[in-house]
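These are the residues of each chain, in order.
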Amino acid sequence: MIKVNFKEVKLFDIEGKIIPYEKNEIHKRIAELLYFNSKKLDLVQVGMEINKGIEIETREDELNEIKEMVVDALNFPSHIKKSIKEFIESKIKK
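All of these numbers come straight from a predicted model, not from anything done at the bench. (Residues numbered from 1 in each chain as written. Predicted model: local features only at pLDDT ≥ 70, side-chain atom pairs only at ≥ 80, totals over all residues. Heavy atoms only, no water.)

## Details of a nonpolar patch on the surface
Part 1 of the reasoning: A cluster of nonpolar side chains, Tyr35, Phe36 and Met48, forms an exposed patch at the surface whose accessible area comes to about 340 Å².
Part 2 of the reasoning: Topologically, Tyr35 is positioned in helix H1 (residues 26-37). (Patch = residues over 30% accessible without salt bridge, like charges linked within 9 Å, V, L, I, M, F, W, Y side chains within 5 Å. Areas by Shrake-Rupley, 256 points an atom, 1.4 Å probe, with all protein chains shown as cover. Salt bridge = Lys/Arg side-chain N within 4 Å of Asp/Glu carboxyl O. Helix = DSSP H or I, 4+ residues; strand = E, 2+ residues; numbered from the N terminus.)

Next up, the structure:
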């Protein structure tokens with residue numbers, strides 16, 4: 001199991017500087033994506049946990065599915081997709 005807290009996702013501008021995002025509530029957007037769009041009930045539950053803003057334990061395959069859902073999401077701007085993708089990849093590599 002991999003421990004992850006999506007409140008730790010950092011967003012960067014084109015110059016690599018951290019930019020604030022609605023009081024760091026990107027985790028809520030990820031949670032809503034999973035809750036409303038996942039085809040697997042396991043990920044619906046993961047979305048509910050992510051929404052709480054707490055550290056969760058999840059499997060590598062679930063993190064990869066979350067990454068793919070975020071990358072494919074139409075309602076996420078590219079800079080947000082990039083930040084979330086890199087964040088998830090850093091957790092998987094540990």
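## Some details on the packing of aromatic side chains
Part 1 of the reasoning: Under the criterion given, the structure shown has two aromatic pairs.
Part 2 of the reasoning: Their ring planes at 55° and their centres at 5.7 Å tell us that Phe6 and Phe87 sit as a pair that is tilted. One end of the pair, Phe6, is in the loop between strand E1 (2-4) and strand E2 (11-12); the other, Phe87, is in helix H4 (residues 78-93), with 81 residues separating them in the sequence. Each member of the pair Phe6 and Phe87 is classed as buried.
Part 3 of the reasoning: With centroids separated by 5.1 Å and ring planes inclined at 85°, the aromatic side chains of Tyr35 and Phe36 adopt a geometry described as edge-to-face.
Part 4 of the reasoning: A relative accessible area of 42% means that Tyr35 is categorised as partly exposed.
Part 5 of the reasoning: The ring of Phe76 carries the charged tip of Arg29 above its face, separated from the ring centre by 4.6 Å. (Phe/Tyr/Trp six-rings, centres within 6.5 Å; stacked < 30°, edge-to-face > 60°. Buried < 20%, exposed > 50% of the residue type's maximum accessible area, 1.4 Å probe, protein only. Lys NZ or Arg CZ within 6 Å of the ring centre and 35° of its normal.)

## As for the pattern of salt bridges
Once the charged atoms of two side chains with opposite charge are near each other, the side chains can pair.
Part 1 of the reasoning: For the structure shown, the criterion picks out nine salt bridges.
Part 2 of the reasoning: For Lys91, the salt bridge is made with Glu8, and the minimal N-O distance between the two is 3.5 Å. Of the two residues, Lys91 sits in helix H4 while Glu8 sits in the loop between E1 and E2, which places them 83 residues apart along the sequence.
Part 3 of the reasoning: Lys91 gets classed as buried once you look at its relative accessible area, which sits at 13%.
Part 4 of the reasoning: In this structure, the salt-bridge partner of Lys85 is Glu89, at a minimum N-O distance of 3.1 Å. Here Lys85 pairs with Glu89, and both are found in helix H4, just four residues apart, close to one helical turn.
Part 5 of the reasoning: Owing to a relative accessible area of 35%, Lys85 belongs among the partly exposed residues under this scheme.
Part 6 of the reasoning: Taken together, the salt bridges that share partners define one network made up of Arg59, Asp61 and Glu62.

## Thoughts on the nonpolar core
Part 1 of the reasoning: With 25 residues, the main nonpolar core has Phe6, Ile50, Leu63, Ile66, Ile84 and Ile88 as its most contacted residues.
Part 2 of the reasoning: Secondary structure elements with two or more residues in this core: E1, H1, helix H2 (41-51), helix H3 (60-72) and H4.
Part 3 of the reasoning: With sequence-adjacent residues up to four places away left out, Ile88 is seen in contact with Phe6, Leu63, Ile66 and Lys67. (Core = buried A, V, L, I, M, F, W, Y, C linked by side-chain atoms within 4.5 Å. Contact = heavy atoms within 4.5 Å.)

## Considering the environment of Arg29
Part 1 of the reasoning: Looking at the element boundaries, Arg29 is found in helix H1.
Part 2 of the reasoning: Here the alpha-carbon distance between Arg29 and Ser78, two residues 49 residues apart in the chain, equals 14 Å.

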